[in-house]
Amino acid sequence: MYNLNDETKKWVDEIWEKLDTKLSRTAVSSYDKIPYTTIDGVHDNAAEIIYRWTNGFWPGLMWLMYVGTKNEVYKKTAEHAEEMLDAALAMPDKLSHDVGFMWHISSGINHRLFGGEKSKARTTLAATHLASRFNIRGNYIRVWNGDRVGQVIIDCMMNLPLLYRESELIGDKRFYYIAEAHADKTIQTHIRPDGSVRHIVDLDPATGEIKEVLGGQGYSADSAWSRGQAWAVYGYVLSYIHTGKQEYLDVAKRVANYFIANVCDTGYIPRVDFKSPCTEPDTTAGAAAACGLLEISKCVPDDEKPMYFNAAIRMLKALEEKYCDWSDTEDSILQYGVERYFPDERRKGLPIIYGDYYFAEAIYKLKGFDMLFW
Ligand code: GLY
């Protein structure tokens, strides 16, 4: 439970009400879709490409709201999306390491809440797929398919909770050990001494040695793509929560400190890349990082808590004030997410489902709902 002052508590209550008003409407109007973004204010339907890595966020968002409200509308929509995702489970060659984003917060939450056998099987299949991507010589989980055998991306840290929880469920730590080996490896390959983070690193599959650092969704191979920083902040504190390994919390703090230092002169809104000439924001990075900062604030000693907690609150308030759309003519909430460093001007600054998901998850945490979704 977080210790909120009166003003922040009032703000959190108001935002939660607004989330519920908008999402209880879209849970019905978008029941047959899995939204990714909106077109002219209306949710699109990413279920048309069912194996997209982002397709777990909509059911995850519905489960957050169900846990917080017990409104059956959310449960129905979450379960329907989970069923739609079965078509993706049947296409293993189309799936990547992102099965955590897809099933951990969809079938995984359903199973934790209601214990259904089908949800359990889906989650186990997803965890098994993720574990099967582990390279035992290189000690890493490969990201994509085809000839990119040695590529590892920082985003994978967010998929590891699927493995930790699967091990808990089956009473066998073999999945946990894979997650731990990958988290250990990524500290060596992706985390720089200054707390900034690489996006893609190509490893030698026979030895795990670094072959090349590649540019990814950020500005360059040497830059600091802000959503990648957010994945590291949240991913490493989650690995700490699941394992108790102090090194993971220390890494989460190092990357968080870098993140905070880079938002305090931009009104607590992250730029799309902290080491780039671009000053455009990426709101999704702020929402995901805020979730990680809130968790860090619970794990550190009392004298360290305010820095992480206050940074999260400042970021969430800034995102809400500048970028949240609460109108009923727009289905999405958080505007101005950025998929990647502007290869295409038309895709610059759009609402993206994971922005809505992490923003809602942060508010859910601040409301005091303590079921950790990851
Ligand atoms: N590669 C996943 C992301 O856009 O964050």
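See above for the structure.
Not measured: the values here are computed from a predicted model.

> Before we move on, can you summarise the pairing of strand E7 (residues 210–214) with the specific residues and values?
Of the pairings in the sheet, the one linking strand E6 (residues 200–203) to E7 comprises 4 bridges and is antiparallel in character. For Asp202, the partnering residue across the bridge sits in E7 and is Glu212. Here E6 folds back onto E7 in antiparallel fashion, the turn holding 6 residues, of which Gly208 has a positive phi close to 80°.

> How would you summarise the pairing of E6 if you had to cite specific residues and measurements?
A two-sided burial pattern is seen for E6, the buried positions comprising Ile200 and Asp202 on one face and Val201 and Leu203 on the other. One ladder, built from 3 bridges, connects strand E5 (residues 151–153) with E6; its direction is antiparallel. Bridge pairing links Val152 to Val201 in E6.

> So what's going on with the sheet that holds E5? Residues and values would help.
Taken together, the 3 strands give an open sheet; going across it, the order is E5-E6-E7, and neighbouring strands pair in antiparallel fashion. Each end of this open sheet is capped by a strand with a single partner; those strands are E5 and E7. Taken pair by pair, the neighbouring strands of this sheet meet at an average axis angle of 25°, ignoring direction.

> Tell me about the packing of helix H10 (residues 226–243) against helix H12 (residues 283–299), and name the residues and values.
The geometry of a pair of packed helices is captured by two quantities: the angle between their axes and the separation between those axes. Closest axis-to-axis distance for the H10/H12 pair is 8 Å, and the angle between their directions is 30°. Relative to H12, the element H10 lies roughly parallel. Classified by chirality, the crossing of H12 by H10 is left-handed. From H10, Ser226, Arg227, Ala230, Trp231, Val233, Tyr234, Val237, Tyr240 and Ile241 reach across to H12, where they touch Thr284, Ala285, Ala288, Ala289, Cys291, Gly292, Leu293, Glu295, Ile296 and Cys299. Residues of the contact of H10 with H12, tallied by class, amount to 14 nonpolar, 3 polar and 2 charged.

> Now, about helix H2 (residues 57–69): what can you tell me, with residues and values included?
When the terminal C-alpha atoms of H2 are compared, their 18 Å separation across 13 residues agrees well with the 18 Å that a helix rising 1.5 Å per residue should span. Along H2, 12 of the 13 residues are buried, which leaves the element largely enclosed by surrounding structure. Every buried residue of H2 is accounted for by Phe57, Trp58, Pro59, Gly60, Leu61, Met62, Trp63, Leu64, Met65, Tyr66, Val67 and Gly68. Taken together, the buried residues of H2 touch helix H1 (6–29), strand E2 (42–43), helix H3 (72–84), helix H5 (99–104), helix H6 (107–114) and helix H14 (353–366). With its phi angle positive at about 65°, Lys70 sits one or two positions after the end of H2.

> Talk me through the side chain of His80; I want residue IDs and the actual numbers.
Structurally, the position occupied by His80 is in helix H3. Residue His80 is classed as buried on the basis of its relative accessible area, which comes to 16%. Looking at His80, its side chain comes within polar contact range of the side chain of Asp32, at 2.8 Å. With near-sequence residues (within four places) excluded, His80 lies in contact with Tyr31 and Asp32.

> Outline helix H13 (residues 305–323), listing residues and values.
Taking 1.5 Å per residue, 19 residues should reach 27 Å; H13 reaches 27 Å between its end C-alpha atoms and fits that length. Buried within H13 we find Tyr308, Phe309, Ala311, Ala312, Ile313, Met315, Leu316, Ala318, Leu319, Glu320 and Tyr323. In the core, the buried residues of H13 are packed alongside H1, helix H11 (246–263), H12 and H14.

> So what's going on with the site of the ligand? Which residues, and what values?
Close contacts around the ligand come from Trp53, Asp155, Gln217, Trp225, Arg227, Trp231 and Tyr354, and that covers them all. Between the ligand and Arg227, the relevant distance is 2.5 Å, taken from an oxygen atom to a side-chain nitrogen or oxygen of the residue. Trp231 has a polar side-chain atom sitting 3.0 Å from an oxygen atom of the ligand. Contact with the protein chains covers 92% of the free accessible surface of the ligand, which is 200 Å². Looking at the shell around the ligand, its residues break down into 4 nonpolar, 1 polar and 2 charged.

> Go over the packing of aromatic side chains with me, naming the residues and quoting the values.
Following the criterion strictly, the structure yields 30 aromatic pairs and no others. Measuring from centroid to centroid gives 5.5 Å for Phe57 and Tyr357, while their planes differ by 55°, and the two rings are tilted. Placement of the pair is Phe57 in helix H2 and Tyr357 in helix H14, with a sequence separation of 300 residues. Of the residues examined, Phe57 reaches a relative accessible area of 0% and is grouped as buried. On the basis of relative accessible area, Tyr357 is assigned to the buried category, the value being 0%.

Each value, and the rule that gives it
- Residues numbered from 1 in each chain as written.
- Predicted model: local features only at pLDDT ≥ 70, side-chain atom pairs only at ≥ 80, totals over all residues.
- Heavy atoms only, no water.
- Pairing = 2+ DSSP bridges.
- Helix = DSSP H or I, 4+ residues; strand = E, 2+ residues; numbered from the N terminus.
- Buried < 20%, exposed > 50% of the residue type's maximum accessible area, 1.4 Å probe, protein only.
- Axes fitted to C-alpha atoms, helices over the stretch in contact; angles between N-to-C directions.
- Parallel < 35°, antiparallel > 145°, perpendicular 65-115°, else oblique.
- Left-handed = near helix turned anticlockwise from the far one by under 90°.
- Contact = heavy atoms within 4.5 Å.
- Nonpolar A, V, L, I, M, F, W, Y, C, P; charged D, E, K, R; others polar.
- Expected span 1.5 Å × (residues − 1).
- Polar contact = N/O pair within 3.5 Å; in protein donor to acceptor, adjacent residues only side chain to side chain.
- Near = heavy atom within 4 Å.
- Areas by Shrake-Rupley, 256 points an atom, 1.4 Å probe, with all protein chains shown as cover.
- Phe/Tyr/Trp six-rings, centres within 6.5 Å; stacked < 30°, edge-to-face > 60°.

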